[in-house]
Protein chains: 2
Amino acid sequence: MINIDFEKGGGLVPVVVQDYKTLEVLMVAYMNKESWELTKKTGIAHYWSRSRNSLWKKGESSGNIQEVKEIRIDCDNDTILLKVNQIGGASCHLGYRSCFFRYLKGDELVIDIPKIFNPEEKYGR
Amino acid sequence: MINIDFEKGGGLVPVVVQDYKTLEVLMVAYMNKESWELTKKTGIAHYWSRSRNSLWKKGESSGNIQEVKEIRIDCDNDTILLKVNQIGGASCHLGYRSCFFRYLKGDELVIDIPKIFNPEEKYGR
């Protein structure tokens, strides 16, 4: 049995999302108990959106859902790691493959990850 | 210039720590502004311990420090990704290479990552 410690983070735990093939870290999101149960039940990643304060099926509007290939839990039972198949190839709402599309070079941030889609076209903004 | 958003998380941001060669996710920790500045300045990972409520130079007692090879920042500037060289080969205080040493199989957690050291010997507990 697994008992995720949702209490420590006020009902939410951080979730690291990794590409199941390349092991690239795609994003970090949060889950509450409901999204955790839904993710396990459906095999599709569900999170809790802190900005919208609501359940969030990743890719619901963009079509870029995440098929869960593996679930890992850390030693303290307060962090989840998902290995996923990222449909559409982009996890970032800005159109990049990964939300971590910039690395630190001196004091500057440099983009070194391809943009897969144009968010203005995708979301009509 | 980088401005990490420490405010959103009450002064702390989550940090995903990845092995710079294998890309295995080793752990998730937290940084405040001081540990962030120290990490950049020294090239050695420093965190904020939420349990001890103090600055935490990872590996200070065990010797298993983390040499920072790359720093990445996410699209919202509220999550940090470190690629590190984990000295000693184990990042988890339980002696495993990664804190995510268990995966979910049905409703059970299964260990599939080697134990590098015995924490009772290492920390004298």
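First things first, this report covers the structure right here in the doc. Just so it is clear, the structure is predicted and the values come from calculations on it, not from any experiment. (Residues numbered from 1 in each chain as written. Chains lettered and ligands numbered in written order. Predicted model: local features only at pLDDT ≥ 70, side-chain atom pairs only at ≥ 80, totals over all residues. Heavy atoms only, no water.)

1. Brief notes about the interface of chain B and chain A
Interface extent is often summarised as the accessible area lost during association of the parts.
Logical step 1: Listed per partner, the contact involves 40 residues of chain B and 40 residues of chain A.
Logical step 2: Buried surface at the junction of chain B and chain A, summed over both partners, amounts to about 3200 Å²; 58% is from carbon and sulfur atoms.
Logical step 3: Taken together, chain B and chain A are joined by four salt bridges.
Logical step 4: For the salt bridge of Arg72(A) with Asp112(B), the shortest nitrogen-to-oxygen distance reads 2.4 Å.
Logical step 5: Where chain B meets chain A, there are 16 residue pairs in polar contact (both at pLDDT 80 or more). (Contact = heavy atoms within 4.5 Å. Buried area = accessible area lost by both parts, 1.4 Å probe. Salt bridge = Lys/Arg side-chain N within 4 Å of Asp/Glu carboxyl O. Polar contact = N/O pair within 3.5 Å; in protein donor to acceptor, adjacent residues only side chain to side chain.)

2. Focus: the relation of the copies chain B and chain A
The operation relating the two chain copies consists of a rotation about an axis and a shift along that axis.
Logical step 1: Structural alignment of chain B on chain A gives an RMSD of 0.0 Å, achieved by rotating through 180° and translating 0.0 Å along the axis. When the rotation and shift are considered jointly, the pair of chain copies conforms to a two-fold rotation axis. Residue Leu23(B), judged by its C-alpha, is the member of chain B lying nearest the rotation axis, at 3.0 Å.
Logical step 2: Most of the interface of chain B is mirrored in chain A, where 100% of its interface residues again form contacts. (Least-squares fit on C-alpha atoms with pLDDT ≥ 70 in both.)

3. Observations concerning the sheet that holds strand β7 (residues 102-105) of chain B
Logical step 1: Judged by pairing direction, the sheet is mixed, and its six strands sit side by side in the order β2(A)-β1(A)-β6(A)-β5(A)-β7(B)-β8(B) without closing on themselves. Each edge of the open sheet is held by one strand with a lone partner, namely β2 (25-31) of chain A together with β8 (108-111) of chain B. Across the sheet, the mean angle separating the axes of adjacent strands is 35° when strand polarity is ignored.
Logical step 2: Both strand β5 (residues 66-73) of chain A and β7(B) contribute to a ladder of two bridges, which runs antiparallel. Note that in β7(B) the partner of Ile73(A) across the bridge is Arg102(B). (Pairing = 2+ DSSP bridges. Helix = DSSP H or I, 4+ residues; strand = E, 2+ residues; numbered from the N terminus. Axes fitted to C-alpha atoms, helices over the stretch in contact; angles between N-to-C directions.)

4. Points about the side chain of Ser98(B)
All names here are of chain B.
Logical step 1: When you line up the elements, Ser98 lands in the loop between β6 (80-86) and β7.
Logical step 2: A polar contact of 2.8 Å, which involves the side chain of Ser98, links it to the backbone oxygen of Val25.
Logical step 3: Those residues in contact with Ser98, other than ones at most four positions away along the chain, are Glu24, Val25, Leu26, Ser91, Cys92 and Ile113.

5. Let's talk about the side chain of Thr39(B)
All names here are of chain B.
Logical step 1: Position of Thr39 among the secondary structure elements: in helix α1 (residues 33-42).
Logical step 2: Overall, the relative accessible area of 1% leaves Thr39 in the buried class.
Logical step 3: For Thr39, the side chain forms a polar contact with the main-chain oxygen of Ser35, separated by 2.7 Å.
Logical step 4: Once you skip the residues sitting within four places of it in the chain, Thr39 turns out to touch Met31, Ile44, Ala45, His46 and Val68. (Buried < 20%, exposed > 50% of the residue type's maximum accessible area, 1.4 Å probe, protein only.)

6. Some remarks on α1(B)
Logical step 1: Where α1(B) is concerned, the buried positions are Ser35(B), Trp36(B) and Thr39(B). Take α1(B) and look down its axis: the buried residues cluster within an arc of 105°, on one side only. Exposed side chains of α1(B) directed beyond 90 degrees from the buried face belong to Lys33(B) and Lys41(B).
Logical step 2: Where α1(B) is buried, its residues touch β7 (102-105) of chain A together with β2 (25-31), β3 (46-49), β4 (54-57), β5 (66-73) and β6 of chain B.
Logical step 3: Directly after α1(B), the chain includes Gly43(B), whose backbone phi takes a positive value near 75°. (Arc of directions from axis to C-beta.)

On their own, these measurements won't tell you what the molecule is for.
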